[in-house]
Amino acid sequence: MVRDDRDDPFDNIFDEIERMMNDMTGGDAGFASETHIDVYDEGSTLRLVADLPGVDKDAIDLKCDGETLTISAAGDRREFDERIRLPARVDEHSAKATFNNGVLQVTFDRAEDSAAIDVE
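Just so we're clear, the structure is a prediction, and the values are computed from it rather than from any experiment. Residue numbers restart at each chain and count upward from 1, following the sequence in its written direction. For this predicted model, a pLDDT threshold of at least 70 governs which residues receive local features, and a threshold of 80 or more governs which side-chain atom pairs are given and counted, while totals over whole chains, interfaces and linings are taken from all residues. Heavy atoms throughout the structure, all of them, feed into the side-chain values; hydrogens and water do not.

On to the environment of T35, then. Turning to its location among the elements, T35 is positioned in the loop between α1 (13–25) and β1 (37–41). Burial status follows relative accessibility: with a 1.4 Å probe on protein chains alone, a residue under 20% of its type maximum counts as buried, one over 50% as exposed, and anything between as partly exposed. You can call T35 buried: its relative accessible area is 13%. Taking C-alpha positions, T35 is 9.3 Å from P53, a pair spaced 18 residues apart along the chain. Runs of H or I in DSSP of at least four residues are treated as helices and runs of E of at least two as strands, each being numbered from the N terminus.

The following block contains the structure:
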């Protein structure tokens with residue numbers, strides 16, 4: 001039997017998905033438009049690794065309140081504005097950040113447990 005693609009109802013499904021994604025993102029951002037971020041719990045420290053392609057080191061702005069890390073950056077082709085809820089409370093003043101070849105790495109020390117209060 002010879003297959004006739006003109007009768008295939010799924011013939012243009014991928015073209016339709018791509019068109020819908022372009023409508024939602026306002027361009028050709030496609031499926032790779034999300035920032036890839038990994039968070040690693042390393043016991044006494046938390047390490048976050050984010051891919052920020054096309055961004056200069058000077059264009060990165062980091063803020064942390066101990067529970068959420070905000071990454072803001074602008075590159076030639078897009079802007080990044082990500083809020084990452086950290087899996088544990090951290091000491092935001094312990095933060096160390098490096099940026100190399102489009103990869104941002106931020107480490108934090110875990111915050112000390114709450115102090116016990118003696119009742120007299």
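Next comes the rest of the account.
DSSP-based pairing: two strands are paired if at least 2 bridges between them are found. An order of β1-β2-β7-β6 is seen for the four strands of this open sheet, with the pairing classed as antiparallel. The two strands at the open ends of the sheet, each matched to only one other strand, are β1 and β6 (90–100). Averaged over all adjacent pairs, the angle separating strand axes in this sheet is 15 degrees, with direction ignored. With seven bridges joining them, β6 and strand β7 (residues 103–110) adopt antiparallel strand pairing. Its bridge partner lying in β7, D91 is registered against D109. Interaxial angle, 0 to 180 degrees, is taken between N-to-C directions of lines fitted to C-alpha atoms, where a helix line uses only the stretch in contact.

Let's shift gears to the pairing of β7. Sheet analysis places strand β2 (residues 45–51) next to β7, joined by seven bridges and oriented antiparallel. Bridge pairing in β7 links V49 to Q105. The hairpin formed by β6 and β7 contains two residues between the paired strands, and N101 there has a positive phi angle of roughly 50 degrees.

An order of β3-β4-β5 is seen for the three strands of this open sheet, with the pairing classed as antiparallel. At either margin of the open sheet sits one strand with a lone partner, and together these are β3 (55–64) and β5 (79–85). Across the sheet, the mean angle from the axis of one strand to that of its neighbour is 15 degrees, orientation sign disregarded. In this sheet, β5 lies alongside strand β4 (residues 68–75) in antiparallel orientation, the contact comprising seven bridges. Each residue of the ladder has a partner; that of A74, found in β5, is E79.

Here we take up the nonpolar core. Nonpolar core, defined: a set of buried Ala, Val, Leu, Ile, Met, Phe, Trp, Tyr and Cys residues in which side-chain atoms within 4.5 Å join the residues together. Formed by 18 residues in total, the largest nonpolar core has its most connected members in L48, L52, V55, L69, I71, L86 and L104. Looking at this core, the elements that each hand over two or more residues are β2, β3, β4, β5, β6 and β7. Not counting chain neighbours up to four residues away, the residues in contact with L104 comprise L48, V49, A50, L52, L62, I71, A97, T98 and F99. We call two residues in contact when some of their heavy atoms are within 4.5 Å.

What follows deals with the pattern of salt bridges. If the charged atoms of two oppositely charged side chains come close together, the side chains can form a pair. By definition here, a salt bridge exists when the distance from a side-chain nitrogen of Lys or Arg to a carboxyl oxygen of Asp or Glu is within 4 Å. The full count for this structure, using the stated rule, is five salt bridges. E42 serves as the salt-bridge partner of R47, at 2.8 Å between the closest nitrogen and oxygen. A salt bridge links E67 to R89, with the shortest nitrogen-to-oxygen separation between them at 3.7 Å. Placement of the pair is E67 in the loop between β3 and β4 and R89 in the loop between β5 and β6, with a sequence separation of 22 residues. Overall, the relative accessible area of 45% leaves R89 in the partly exposed class. Through salt bridges that share partners, E67, R85 and R89 make up one connected network.

Keep in mind these values describe shape, not function.
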